[in-house]
Every structure is written in structure tokens, then in C-alpha cells.
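# Breakdown of the fold
Chain residues, written in single-letter form:
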Amino acid sequence: MRNWTDLDWYADLTADAAFAGGTAIVGTPVDFTATIHNSADFDLNTIPVNIYNGAELIVQDTINVNALDSTIINVQFTPLDTGTYTFTVIVDEDNIKIESDDSNNNDSAILTVVGCCVPPTRGNVDYELPDEINIADLTYLVAYLFTGGSEPPCVEESDIDGNGEINIADLTYLVSYLFTGGPAPVACP
């Protein structure tokens, strides 16, 4: 027979999950961070940690967490499809460690993934979120067209006038829009 024991002196492991930004673009890497906290005033070693993408186990690891401290696990994820992804971190999933509270051992974060050339308009040449058109897009386009800069991550987004190719006409269109009140870039398909 097991006797009741006051669990106030036991450790309490907690987990926090977060995506950088919460929104990503298809094919662009995004960082997922799992933070494991130890509320005990003693170190905890070989703590099992699982990270899931939906029901799929993507990371299975063991970590050490110092007394009254936290350990961070970073996972880089490159979404290949649009939609919503839910990542869940679970620390001590099988309840191997005796804790004062097993109900707070997990946390989830949601990532929304958008596709290339997100409506309503083109023009986010550098394809950074939030989907804004600004001087950074103009700089990216100039570098691509004239100095051997990187190809834009979303070609359709960089085809400002919507004629099927990226050229000086797109640059002129973007300059006009940003600085002289010209028309907005053509709508995305």
C-alpha cells in the first residue's frame, strides 16, 4: 500500500512552446522554440522531451535542467504546404520523474503557413512577413536586377506588373507606387 506524501518539495517541470512570428511562408524555414522550466531547487537530469507536429513525433530527446532554471530546445521547420501546423512539446510524457504537478508538462504553438503571392497584391519582393510593400522590397529588386542579388523567394510576388517576368518595368512600377502615388501592384492570382 502506498502512503500519501506531500509533494510540495518535488520538482515541477513546465513547458512553453512558441513559433517565431506565428506565420510563415511555404518553403521558408521557421524556428520553433520549446522551453522547459525546472521549479525545483535541485538539478534534474535525463528528462525526456518529445516534440510533435500534429500527431507526428519529430523530436525525441533527453535534457538536463539546472535548479530553478530553464533549457531551450530549438527546432527549425520548413513548411512545404500552406495551412495550420500545431507543434506540441511534452516534457516527461511517461511521467518518469515524480512531480508536484503533471498537468502542466505540455504546451502547443500554432503556425499559419501562407503560399506564394498572397492576395490582394504583389510587391512584397523580399517576401517578409507581415505582407507589406516597402523600401526593402525595392532594394531587393534592384539588387536582383542589377548586382546579382538573390532571386526573389516568390517570383509571382516580384512580377509587380503581372506580365509574367521580372524586369525593369517592375522596378519602375514599384518606384511609382512607393514614391509618386502610382497604381498599386497588380493583384495576385
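Scroll up to find the structure this text is about.
## Quick notes on the pairing of strand β4 (residues 44-53)
Of all ten residues in β4, eight are buried; the element is thus mostly enclosed. As paired elements, β4 and strand β5 (residues 56-65) share eight bridges and run antiparallel to each other. When the bridges of β5 are listed, leucine 44 appears paired with valine 65. The antiparallel pairing of β4 with β5 creates a hairpin that spans two residues between the two strands, and glycine 54 there sits at a positive phi of about 65°. Note that β4 and strand β7 (residues 83-91) share five bridges and pair antiparallel. Note that in β7 the partner of valine 49 across the bridge is valine 91.

## Quick notes on the sheet that holds β5
Spatial strand order, β2-β8-β7-β4-β5: five strands in an open sheet with mixed pairing. Pairing within the sheet leaves two strands with one partner each, and these edge strands are β2 (23-25) and β5. Each strand of the sheet is rotated relative to its neighbour by a mean of 25°, with strand direction disregarded.

Reading the values: rules and limits
Residues numbered from 1 in each chain as written. Predicted model: local features only at pLDDT ≥ 70, side-chain atom pairs only at ≥ 80, totals over all residues. Heavy atoms only, no water. Buried < 20%, exposed > 50% of the residue type's maximum accessible area, 1.4 Å probe, protein only. Helix = DSSP H or I, 4+ residues; strand = E, 2+ residues; numbered from the N terminus. Pairing = 2+ DSSP bridges. Axes fitted to C-alpha atoms, helices over the stretch in contact; angles between N-to-C directions.

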